[in-house]
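Residue-level listing of the chains:
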Amino acid sequence: MEYRVLGKTGLRVSTLGFGGSEVGYQAVAQKTVDKILNTALDAGINVIDTAECYAEGEALIGHAIAKRRAEVVLMTKCGHAPLGSASERAAGYAQPDWDPAMLARSIERSLKNLRTDHVDVMQFHSPPLATLKDGRVIEVLHKARERGQARFVGCSIDSDDAVYAVETGAFDTLQISVSIADQEAIDRVLPKAAAGGMGVIVKRPIANAAWRHGKQPPSDWYTRPYWDRLRKLDYDFLHRGVEDAVAVALRFTLGTAGVTTAIVGTTRPERIAQNIAHASAGPLPPAEYEAIRARWRSVAPSDWIGQR
């Protein structure tokens, strides 16, 4: 497993991380989550990223890593009012998204769910630009850092809003989409993040493997934009076996300058070893990497912006 330093945080992180959205949204059984995360930790993956709105995802992860917390660079995200029980709503979680009081309570709830007194990185979760310009909201995150609830603070965001977030200097880390189907950030955002000493966490690094679907998915499907883009990009390697294509996609993202770690989610324990093998193959040969970049430049219209 390769490790890199997460920008100015100084945290040593595995280049391959685990993303917790699937286990939360798909209500994966606790014993399966335990197996996935213990397999990942045993193999040297030390980055685990989740969010307060991934259904029961935080609680599942908290249970799985409770005895191994010291081995984990633990990250979560806040901003969206959880849909919890009546007692939770009465405690203030039912306030609007990005309400400062709700945010503060949500951070406390995340720590309880994760069975820890702090996370290594607390991130804003896809905030609108108006939120980023609201000093009261930024202050909640900074106060959490001052209280020791978070060692560092970050923002998960894309496109123009990501440029603004980086330029504020308010965050230690940036989480952003970068993949074979999402390359806007490579030129527009990553160089700015590097100049600011920000660690970069990449979400959706294999474009959700959207090319696997031979039939056009519904228009409201989460990965539909990537499916549409990849049909037009029509990279040669997408016509190989699925695993070969996943390997190329992951190696492309991890080989992109400015990327520190890439989080990949799964509901299957066996996928951990497969993803590690792909990542361990190292960056793509320069000619292959540049061919993917050249294809993007020749095909991608200006409205193919970063996807949340």
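I will try to describe carefully the structure that is included in this document.

Details of helix 14 (residues 286-299)
The end-to-end C-alpha separation of helix 14 is 20 Å, in line with the 20 Å expected for 14 residues at 1.5 Å each. Taken as a whole, helix 14 has its buried residues at Y289, I292, R293 and W296. Taken around the axis of helix 14, the buried residues stretch over an arc of 95°, which confines them to a single face. Exposed side of helix 14, more than 90 degrees from the buried face: A287 and S298 are the residues found there. In the core, the buried residues of helix 14 are packed alongside helix 9 (184-188), helix 11 (224-233) and helix 12 (242-254).

Brief notes about the packing of helix 3 (residues 57-65) against helix 5 (residues 100-114)
The N-to-C vectors of helix 3 and helix 5 enclose an angle of 40°; their axes lie 7 Å apart at closest approach. Between helix 3 and helix 5, the angle falls in the class oblique. In contact with E58, A59, I61 and G62 of helix 3, helix 5 contributes S110, N113 and L114. Broken down by class, the residue content of the contact of helix 3 with helix 5 amounts to three nonpolar, three polar and one charged.

A short note on empty space enclosed by the protein
The final tally for this structure, using the stated rule, is one cavity of 30 Å³ or more. Estimated volume of the largest cavity: approximately 40 Å³. Lining the largest cavity are E2, R4, T15, L254, G255, A279, G282 and P283. Partitioned by chemical class, the residues of the lining of the largest cavity number three nonpolar, three polar and two charged.

Examining the sheet that holds strand 6 (residues 119-125)
Strands sit in the order 3-4-5-6-7-8-9-10 around a closed barrel of eight strands; the barrel is parallel. The average angle at which neighbouring strand axes cross in this sheet is 25°, direction not considered.

Some remarks on the pattern of salt bridges
One pass over the full model with this rule turns up 19 salt bridges. Of the charged contacts, one joins R68 and D42 as a salt bridge, the two residues approaching to 2.9 Å between their closest N and O atoms. Within this pair, whereas R68 is found in the loop between helix 3 and strand 5 (73-78), its partner D42 is found in helix 2 (residues 30-42), the two being separated by 26 residues in sequence. For R68, a relative accessible area of 16% gives the class buried. Its salt-bridge partner being D161, residue R308 comes within 2.9 Å of it at the nearest N-O pair. Placement of the pair is R308 in the segment after helix 14 and D161 in helix 8 (residues 159-168), with a sequence separation of 147 residues. We classify R308 as partly exposed; its relative accessible area is 38%.

Reading the values: rules and limits
- Residues numbered from 1 in each chain as written.
- Predicted model: local features only at pLDDT ≥ 70, side-chain atom pairs only at ≥ 80, totals over all residues.
- Heavy atoms only, no water.
- Helix = DSSP H or I, 4+ residues; strand = E, 2+ residues; numbered from the N terminus.
- Expected span 1.5 Å × (residues − 1).
- Buried < 20%, exposed > 50% of the residue type's maximum accessible area, 1.4 Å probe, protein only.
- Arc of directions from axis to C-beta.
- Contact = heavy atoms within 4.5 Å.
- Axes fitted to C-alpha atoms, helices over the stretch in contact; angles between N-to-C directions.
- Parallel < 35°, antiparallel > 145°, perpendicular 65-115°, else oblique.
- Nonpolar A, V, L, I, M, F, W, Y, C, P; charged D, E, K, R; others polar.
- 1 Å grid on protein atoms, 1.4 Å probe; cavity = no way out; pocket = protein on both sides within 12 Å on 5 of 7 lines; lining within 4 Å.
- Points joined across faces, edges and corners; volume = space filled by probe spheres on them.
- Pairing = 2+ DSSP bridges.
- Salt bridge = Lys/Arg side-chain N within 4 Å of Asp/Glu carboxyl O.

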